[in-house]
Amino acid sequence: DCLFPYLVPMAAGAVYPSWISDFAFLRYSLSTYEVVCEWPAETFVYTFVVVGIVASVAGIHVKTAYEDGIALSRALEASALFGFFLFPYKAD
């Protein structure tokens, strides 16, 4: 079935935000003061790992789009969505 490969990422995406709140080193906000003065080393390691994973997945998506010849259409689509949803908030 084509639905099954998508169930595991959807379930992980639903459970992950609740699961990470169980870790004390992740209970910090993203402000300059918190990052500089309060974050423990574990929070920095976790942040760098997550940013690395997200950057890798984004890179794989871009590479696949170039290989499939749909990079331009996806870039135009992303630009249109960015403009449609973000520019009204920026105008306020």
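Shown above is the structure to which this text applies.
In this report, we go over the structure that sits alongside the text. Every value quoted in this text rests on a predicted model; they were computed, and no experiment measured them.

**A short note on the overall build of the protein chain**
Piece 1. Counting its secondary structure elements, the protein chain contains four helices and zero strands.
Piece 2. In sequence order, the secondary structure elements of the protein chain are arranged as α-α-α-α.
Piece 3. In terms of C-alpha radius of gyration, the protein chain reaches 18 Å, well past the compact-globule figure of 12 Å for 92 residues.
Piece 4. Projected onto its principal axes, the C-alpha coordinates of the protein chain cover approximately 45 × 45 × 25 Å.
Piece 5. The buried share among the 92 residues of the protein chain stands at 8%.
Piece 6. On the protein chain, roughly 7,800 Å² of surface is accessible, and the fraction owed to carbon and sulfur atoms is 72%.
Piece 7. Between the centroid of the 4 positive side chains of the protein chain and the centroid of its 9 negative side chains there is a distance of 6 Å.

**A look at the packing of aromatic side chains**
Piece 1. Under the criterion given, the structure shown has six aromatic pairs.
Piece 2. Judged by centre distance (6.4 Å) and plane angle (45 degrees), the ring pair of tyrosine 16 and tryptophan 19 falls under tilted. Placement of both tyrosine 16 and tryptophan 19 in helix α1 (residues 4-20) is noted, with a separation of three residues, approximately one turn of the helix.
Piece 3. Tyrosine 16 gets classed as partly exposed once you look at its relative accessible area, which sits at 32%.
Piece 4. Taking the relative accessible area as the measure of exposure, tryptophan 19 reaches 46% and is therefore partly exposed.
Piece 5. Ring geometry for phenylalanine 84 against phenylalanine 85: centres 4.9 Å apart, planes inclined by 85 degrees, an arrangement best described as edge-to-face. Each member of the pair, phenylalanine 84 together with phenylalanine 85, is exposed.
Piece 6. Through pairs of rings, three or more aromatic residues link up here, namely Tyr16, Trp19, Phe23, Phe25 and Tyr46.

**Observations concerning the side chain of glutamate 34**
Piece 1. Tracing the backbone shows glutamate 34 in helix α2 (residues 32-38).
Piece 2. No salt bridge forms around the buried glutamate 34; measuring N to O, its nearest opposite-charge neighbour arginine 27 is 12 Å away.

**As for the pattern of salt bridges**
Piece 1. If you walk through the whole model with that rule in mind, you get two salt bridges.
Piece 2. Between lysine 63 and glutamate 67 there is a salt bridge; the shortest N-O distance is 3.6 Å. Here glutamate 67 and lysine 63 lie together in helix α3 (residues 41-68), a separation of four residues that amounts to about one turn.
Piece 3. Owing to a relative accessible area of 57%, glutamate 67 belongs among the exposed residues under this scheme.
Piece 4. For glutamate 77, the salt bridge identified is with arginine 74, shortest N-O distance 3.3 Å. Here arginine 74 and glutamate 77 lie together in helix α4 (residues 71-91), a separation of three residues that amounts to about one turn.
Piece 5. The class of glutamate 77 is partly exposed, set by a relative accessible area of 39%.

About the thresholds
Residues numbered from 1 in each chain as written. Predicted model: local features only at pLDDT ≥ 70, side-chain atom pairs only at ≥ 80, totals over all residues. Heavy atoms only, no water. Helix = DSSP H or I, 4+ residues; strand = E, 2+ residues; numbered from the N terminus. Rg over C-alpha atoms; globule rule 2.2 N^0.38 Å. Buried < 20%, exposed > 50% of the residue type's maximum accessible area, 1.4 Å probe, protein only. Areas by Shrake-Rupley, 256 points an atom, 1.4 Å probe, with all protein chains shown as cover. Lys, Arg positive; Asp, Glu negative; His and termini not counted. Charge placed at Lys NZ, Arg CZ, Asp CG, Glu CD. Phe/Tyr/Trp six-rings, centres within 6.5 Å; stacked < 30°, edge-to-face > 60°. Salt bridge = Lys/Arg side-chain N within 4 Å of Asp/Glu carboxyl O.

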